[in-house]
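# Structural overview
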Amino acid sequence: MHLDAKIPSGPLAEKWDKHRFELKLVNPANKRKYTIIVVGTGLAGGSAAASLGELGYYVKSFCIQDSPRRAHSIAAQGGINAAKNYQNDGDSIWRLFYDTIKGGDFRAREANVHRLAQVSNNIIDHCVAQGIPFAREYGGLLANRSFGGAQVSRTFYARGQTGQQLLLGAYSSLMRQVAVGQVKMFPRREMLDIVVINGQARGIVVRNLITGEIESHAADAVVLCTGGYANVFYLSTNAMASNVSATFRAYKKGAFFANPCYTQIHPTCIPVHGTYQSKLTLMSESLRNDGRVWVPKPPGDKRPPNQIPESERDYYLEEKYPSFGNLVPRDVASRNAKAQCDMGKGVGETGFAVYLDFADAIQRDGKEVIQQKYGNLFQMYEKITASNPYETPMMIYPASHYVMGGLWVDYNLMSNLDGLFVMGEANFSDHGANRLGASALMQGLADGYFVIPYTVGGYLAGTSRPEITTDHPAFTEATRYVTERTQKLLSINGKRTVDDIHRQLGHILWGYCGMSRNDDGLLKARKLIQELREEFWENAMVPGSSEDFNQSLERAGRVADFLEFAELMVMDAFERKESCGGHFNEAYQTEEHEAMRDDENFCHVAAWEYKGDDNDPELHKEPLVFENVELTQRSYK
Ligand SMILES: Cc1cc2nc3c(=O)[nH]c(=O)nc-3n(C[C@H](O)[C@H](O)[C@H](O)COP(=O)(O)OP(=O)(O)OC[C@H]3O[C@@H](n4cnc5c(N)ncnc54)[C@H](O)[C@@H]3O)c2cc1C
């Protein structure tokens, strides 16, 4: 099957303008006739629903939480990239485009990434107009800091709470539309199926998480902004409710899942400290602006950090990558941390940690300056670890954090199913095999404020759709499927908790499909996942009923999807016989242990098509064509 990404012709820098002009428009008076469903109220969904409402469409907005404000996006700490070049340090749209393509190890689409870099500047203007309190320099200009994989300072931030402030901006715009009646909010709803009629996405079926009622909603188009699936690893930095269910159910209805094995392991998280832990905490990448990463030089050195003299410390990132130092991209920093710990040089009780040390920065800039920049992050670290990072180096270790894989979309952010748009972390589109820091917020808001308002109009004006209501048999069928599955979960009546099974799934993935992979391990993982899935359906304990608030049932449904999806992840990792970005197959590495791509055979997007529960999915390939950048071995030396 030919996957048409619908990339506009013409010079790269002119594609988006040309495309926007060519897209059909919906007359303002006609917009109110169209209903658009937006699932998810994070930065992607919140900004999309607000923008579409502002344009005059009737929007139905859904989320799991009690308020759109509680979407996982609120956790984002460090910042959002844009090519404003306020620092006058050599930034440009082209450089942001290039850094993102290179950061993703040349596995993203040029046209999408260039558009992202172009609209990044609009996002900052828009957010400033909304009143987002970005940090400012003394003279009033917006301040910037550096993030990994870039040699310029282009990250805009609001202390360590950038996601929260941006989400409050999107939320305010959304609530304005709710107040004027353009958007109707449906909080506490979980999308459990998508309804496809004549090849077009026409609605969703949701469970009301308070009453247990199954509801159907019809629309002219459906926009999924349901976030990422990093929780498949059980322990991750994501919010507990982050899941794969919405995108996975869409996959089962025919939407292709792209690059599911591209996951991001973030280098600076608070290390795991106990068997019963259910969540990991990120320490923002911004800390690597000033913190220096090191381990003791000899393996097994158990002295406290302040007793280890300078000459016996290994600042391995600064040594190995003098150009980028501690600000190498996340995949590179994570792999190096693992390598140091595997050599026995890890610190802390478990030996799975490295130091992130601020002593030099405090001596250079003073404690007050460091406190101003990172105060809330230091406080958070101290609360969790009972160790004061102003006095003792932080201990950090990589953890599952973000996913570059997601539903396949074309340049319009539409999946291969007509009328099903996918945005933010839920799609695969912009980050290739590794995402650079501060680029997820940029992508979510680019998609929601600046891409979908145009492309959804082009779709609605350019296609015809029969009138349908929720009485259509496709809704009845989807409701039946959802109800039966819910009852099946409740009738397992087993002895093992869902959390325990999920934890085991996490161990399997972390061990065999985490920071590094090999073919034997992936084959083994596939078998272990199949066995665990069988055990789940025979022995999981799912108490309560379907007719009221039942968080055990919610979790069971999400874990059941993770157990199926995990197999797709390892299959995808097995098929990709190369290393690129976050996908590191040990058989394919350079002499210096860096990821070694195979551009001849794997310069493509792997898009998987569901073929039924009893068959393997089918792999489709979208070739990636690079006309503007040269494919090189990524180097941060
Ligand atoms: C701790 C942390 C810090 C981060 N810091 C940064 C940073 O500094 N800069 C940066 O660029 N990126 C950062 N990221 C990444 C970034 O926060 C996310 O990628 C981004 O916020 C995702 O936004 P989203 O709108 O796509 O999805 P989300 O914010 O995850 O929102 C998903 C929405 O979908 C809803 N939903 C999900 N499933 C369903 C369903 N089945 N039915 C109904 N609703 C559903 C949820 O309720 C929610 O409203 C960070 C991530 C973490 C974990």
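In what follows, the accompanying structure is described.

### Quick word on helix H15 (residues 519-539)
- For H15, spanning 21 residues, the distance from its first C-alpha to its last is 30 Å, which sits close to the expected 30 Å at 1.5 Å a residue.
- Among all positions in H15, only Gly521, Leu522, Ala525, Ile529, Leu532, Arg533 and Phe536 are buried. For H15, the angular spread of buried residues about the axis comes to 110 degrees, placing them on one side. Turned more than 90 degrees from where H15 packs its buried face, Asp520, Lys527, Glu534 and Glu538 sit exposed.

### Focus on the sheet that holds strand S2 (residues 58-62)
- Strands sit in the order S5-S2-S1-S9-S17 across an open sheet of five strands; the sheet is parallel. Edge positions in the open sheet fall to strand S5 (183-186) and strand S17 (420-422), since each of these has one partner strand only. Each strand axis lies, on average, 20 degrees off the axis of its neighbour in the sheet, ignoring direction.
- Alignment of strand S1 (residues 35-39) against S2, held across five bridges, turns out to be parallel. Considered in S2, the bridge of Ile37 is made with Lys60.

### Quick look at the site of the ligand
- Neighbouring the ligand are 37 residues; Gln65, Ser73, Gly78, Met191 and Glu425 lie closest to it.
- At a separation of 2.8 Å, a nitrogen atom of the ligand approaches a polar backbone atom of Gly79.
- At 3.0 Å, a backbone N or O of Ala440 approaches an oxygen atom of the ligand.
- In isolation the ligand offers 1000 Å² of accessible surface; the protein chains occlude 97% of this area.
- Residue assignment for the shell around the ligand shows that the elements contributing at least two residues are helix H3 (43-55), strand S6 (189-197), strand S15 (394-403) and helix H12 (440-462).
- If one sorts the elements of the shell around the ligand by residue count, S6 sits on top with three residues.
- Of the residues assigned to the shell around the ligand, the class counts are 16 nonpolar, 17 polar and four charged.

### With respect to the pattern of salt bridges
- Under the defined criterion, the tally for this structure stands at 54 salt bridges.
- Put simply, Glu190 and Arg558 hold a salt bridge, and the shortest N to O gap is 2.9 Å. Of this pair, Glu190 sits in strand S6 while Arg558 sits in helix H16 (residues 551-575), and the two are 368 residues apart along the sequence.
- Note that Arg485 and Asp561 form a salt bridge whose closest N and O atoms lie 3.0 Å from each other. Pair noted here: Arg485 is in helix H13 (residues 473-490) and Asp561 is in helix H16, with a separation of 76 residues, a long-range link.
- On the accessibility criterion, Arg485 (11% relative accessible area) is buried.
- The structure contains a network of salt bridges with shared partners spanning Asp105, Arg107, Asp331, Arg335, Arg576, Glu578, Arg597, Asp599 and Arg634.

Cut-off values and rules
Residues numbered from 1 in each chain as written. Predicted model: local features only at pLDDT ≥ 70, side-chain atom pairs only at ≥ 80, totals over all residues. Heavy atoms only, no water. Helix = DSSP H or I, 4+ residues; strand = E, 2+ residues; numbered from the N terminus. Expected span 1.5 Å × (residues − 1). Buried < 20%, exposed > 50% of the residue type's maximum accessible area, 1.4 Å probe, protein only. Arc of directions from axis to C-beta. Pairing = 2+ DSSP bridges. Axes fitted to C-alpha atoms, helices over the stretch in contact; angles between N-to-C directions. Near = heavy atom within 4 Å. Polar contact = N/O pair within 3.5 Å; in protein donor to acceptor, adjacent residues only side chain to side chain. Areas by Shrake-Rupley, 256 points an atom, 1.4 Å probe, with all protein chains shown as cover. Nonpolar A, V, L, I, M, F, W, Y, C, P; charged D, E, K, R; others polar. Salt bridge = Lys/Arg side-chain N within 4 Å of Asp/Glu carboxyl O.

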